[in-house]
Amino acid sequence: MTHPTTDDTDRPLLAATGLRKNYGATPALDGATLHVRAGEIVAVMGSSGSGKSTLLHCLAGIVQPDAGEVRYRGRTLSTMSDAERSALRRTDFGFVFQFGQLVPELTCLENVALPLRLSGVRRREAEQRAARWLARLEVSDVAGKRPGEVSGGQGQRVAVARALVTTPRVVFADEPTGALDSLNGEQVMRLLTEAARSTGAAVVLVTHEPRVAAYADREVVVRDGRTREILLAER
Amino acid sequence: MSIAQTFLGLLEGSPRHGYELKRLYDERFGQSRPLHYGQVYATLARLLKGGLIQVDGVEPGAGPERKRYAITAAGVTDVERWLNQPEKPDTYLQNTLYTKVVLSLLTGRNAADILDIQRAEHLRVMRELTRRKTTGDLADQLICDFALFHLEADLRWLEQTAARLDQLAATLRTPASRPDGNVP
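Positions within a chain are numbered from 1, following the residues in the order the chain's sequence is written. Chains carry letters from A onward and ligands carry numbers from 1 onward, assigned in written order. Local features in this predicted model are restricted to residues of pLDDT 70 or higher, and side-chain atom pairs are both shown and tallied only at a pLDDT of 80 or more, whereas totals for entire chains, interfaces and linings draw on every residue.

Overview of the overall build of chain A
We count a stretch as a helix when DSSP gives it H or I for four or more residues in a row; a strand needs E for two or more, and each element gets its number in order from the N terminus. Along chain A, the regular secondary structure elements total seven helices and ten strands. The globule rule is 2.2 Å times the number of residues to the power 0.38, and the radius of gyration it is compared with is taken over C-alpha atoms. For 235 residues, the compact-globule estimate of 2.2 N^0.38 gives 18 Å, and the C-alpha radius of gyration of chain A, at 17 Å, lies within 12% of that figure. Counting other C-beta atoms within 10 Å of a residue's own tells you its class, since 20 or more makes it buried, 12 or fewer makes it exposed, and anything in between is partly exposed; those C-beta atoms are placed from the backbone. Out of the 235 residues in chain A, the part that is buried amounts to 46%. Within chain A, counting contacts between residues at least 6 apart in sequence, those at least 24 apart form 74% of the total. Once C-beta atoms have been placed from the backbone, residue pairs whose C-beta atoms lie within 7 Å are recorded as contacts.

Right, here's the structure in full:
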C-alpha cells in the first residue's frame, strides 16, 4: 500500500511553527519551525542537547510544546484529545528509536505484528503482514527469536519493520543507527529509506551523523532550540 | 593517483593494448575522471623508456599498428615497491575554510553563515554520493565511502568550529597572539 501524495504536495503534511519548550528552567526549544511534505525524508541534525529529540517528540504529539503549534494534515495536535493523539500515533505514525525498544517477551514476528494487533487486525493476518515486512527488511530468519537473541543490526531492522507495518504516513526515527557500527548502520538506513520511499511515507530522521543525514532529501539543523535550514539553490 | 604504477599493476596479470589499459583504468578507478588517450600513450612511452614495460607484439589494424605491452621484471619490482609503500597521510594544515573563517571574523562578517553555507554544500555532495552508493556495485560503494568519510570529517570540523567562534573571535581581538600559536 502506498499513500497518495497529491493532497499534500502543495501544503505540508506536518507543520511545526514557533515551538517553544522548557524543561524546568532549561529551554529545549526556542521558536523551532519545521515543515515536512508527504513522502519526503528530512534529517534533523544538531549536537547533543540542541533540542532535536524534543522537536521530534513535539512533532509526533508525544510532548506538548509550551508555545507554538504542530499541525498534521491541517489539524492542530494540541486541540486533539489524548485518545485521538494515541490513535494517530497508532495509525498514521511509525517510530524507530536508537535502541529498538522491542518487547523482550515477544518474538520478533510478534513484535512487528503488535501495532496491527493493537489496531484490531486478527492475529493470522497481522502475522502474515509482519512476516512480509521482516522479509523486506531481510531478517526473516529471526522471526521466531526474541529480541535478546538477535544482533543489534537485526533488532534495529525488526524495529524498522514494526514502524512500517501499518504503512504510516510519517516515520519518526530518533538516532536509528546510534547504537550500530558503521556497516550495520548503513544497511538499516538503506532499508529504511527504500521502504519509506516505496510506501510514500515521510521520514523525520533525527541524527548527529552526517553520513546518516545524507540519506535524506534535505536537512535542518537545530541549534540552541532553533531550527536553521540553508537552501543553496535560493542563494 | 599514479597512473604509471596502476598500469604496471594492470599489466602484471597479462599483456594488454593501450586502449585496453585505458578501458580497464576508467572502469575500475577513473569513473569520475576518465583518462585521455594522450595521458595513456605518454605514460606508456615513459614506462618503455624506463625499462618497466616492453612491446610484446605488434598487430596491424585498419588504422595505425596496435602495440601490445608486457611488464618487465623491473616493472614488477617497481609496482611491488609502490604497493608496499604507505601513502603520505594528508594533514590538510593549509585550510582554505579556516582562512575564510578568520577573515570573516576580522572583517566583521558573519562567520557562522560561512560555516553553514559550507555545511550545506558538503551535505549536498554527500547526498549525491549516497545516492550513487545505494544504486551502485561494491566498487562504487567503496569509492563513495572513501569520499563520504572524508567529507564527514570536514563536517565535524565545521560543527566544532561553529561552537568555538566566540572563542576564536576573542583570540583574534588580542593583538599579541595569533590563533595558530605561531609568533608573528
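Overview of the overall build of chain B
Helix and strand counts for chain B come out as eight helices and three strands. Element order for chain B, N to C, with α for helix and β for strand: α-β-α-α-β-β-α-α-α-α-α. A compact globule built from 184 residues would reach a C-alpha radius of gyration of about 16 Å, whereas chain B, at 24 Å, exceeds it by more than 25%. The principal-axis extents of the C-alpha atoms in chain B amount to approximately 70 × 40 × 30 Å.

Some points on the sheet that holds strand β1 (residues 16-17) of chain B
Residues and elements named next belong to chain B. With antiparallel pairing, the three strands of this open sheet are ordered in space as β1-β3-β2. Each edge of the sheet is formed by a strand with only one pairing partner; in this case those strands are β1 and β2 (53-59). Note on pairing: DSSP must find at least two bridges between two strands before they are called paired. Both β1 and strand β3 (residues 66-71) contribute to a ladder of two bridges, which runs antiparallel. Bridging from a neighbouring strand, His-17 pairs with Arg-68 of β3. Packing of helix α1 (residues 3-13) onto the sheet brings it into contact with β1, β2 and β3, and relative to β3 it is tilted by some 90°. For helices, the axis comes from a line fit to the C-alpha atoms of the stretch in contact; other axes are also lines fit to C-alpha atoms, and the angle between any two N-to-C directions lies between 0 and 180 degrees.

Observations regarding the interface of chain B and chain A
Residue-level contacts link 14 residues of chain B with eleven residues of chain A. Contributions of two or more residues to the side of chain B that touches chain A are made by α6 (111-135) and α7 (138-163) of chain B. Here the side of chain B that touches chain A takes ten residues from α6 of chain B, the largest share from any one element. Among the residues making up the side of chain B that touches chain A, the classes are represented as six nonpolar, two polar and six charged. Residues are grouped as follows: nonpolar covers Ala, Val, Leu, Ile, Met, Phe, Trp, Tyr, Cys and Pro; charged covers Asp, Glu, Lys and Arg; every other residue, Gly included, is treated as polar.

Considering α1 of chain B
Along α1 of chain B, the positions that sit buried rather than exposed are Gln-5, Thr-6, Phe-7, Leu-8 and Leu-11 of chain B. Buried residues along α1 of chain B sit in contact with β1, α2 (18-28), α3 (37-49), β2, β3 and α4 (73-84) of chain B.

Section: the confidence of the model for chain B
Scored by pLDDT, chain B comes out at a mean of 87, with 91% of its residues at no less than 70. The ipTM for the predicted assembly is 0.82, set against a pTM of 0.82. Summary of the metric used: pLDDT quantifies the predictor's per-residue confidence within the range 0 to 100.

A look at the sheet that holds strand β2 (residues 26-36) of chain A
Residue and element names in this part refer to chain A. Spatial ordering of the open sheet is given by β2-β1-β4-β5, a layout of four strands whose pairing is antiparallel. This sheet does not close on itself; its edge strands, each paired only once, are β2 and β5 (75-76). The pairing of strand β1 (residues 14-23) with strand β4 (residues 67-72) spans five bridges and is classified as antiparallel. Among the inter-strand pairings, Leu-14 is bridged to a residue of β4, identified as Tyr-72. Along the sheet face, helix α1 (residues 52-59) touches β1, β2 and β4 and points at about 125° away from the line of β1.

Notes on unusual backbone geometry
Residues and elements named next belong to chain A. One non-glycine residue, Thr-167, lies in the positive phi region at around 45°. By the element assignment, Thr-167 lies in the loop between α5 (152-164) and β7 (170-174). Even without a glycine there, the phi angle at Asp-224 is positive, about 50°. Tracing the backbone through its elements, the reader meets Asp-224 in the loop between β9 (218-223) and β10 (226-228). Look at Asp-224 and you get partly exposed, because 15 C-beta atoms sit within 10 Å.

Quick notes on α5 of chain A
All names here are of chain A. Compared with an ideal rise of 1.5 Å per residue, which puts 13 residues at 18 Å, α5 spans 19 Å between its outermost C-alpha atoms and is within 8% of the ideal. Of all the 13 residues making up α5, eleven are buried; the element is thus mostly covered by neighbouring parts of the structure. Those residues of α5 not exposed but buried are Gln-154, Gly-155, Gln-156, Arg-157, Val-158, Ala-159, Val-160, Ala-161, Arg-162, Ala-163 and Leu-164. Packing partners of the buried residues in α5 comprise β6 (93-96), α3 (108-118), α4 (123-136), β7 and α6 (182-199). Expected helix span is computed as 1.5 Å times (number of residues minus one).

What to know about the domain arrangement of chain B
Domain annotation for chain B reports domain 1 (3-84) and domain 2 (96-173). Note that the domain bounds were set by an automatic or database domain assignment. On a C-alpha basis, the centroid separation for the pair domain 1 of chain B and domain 2 of chain B is 38 Å.

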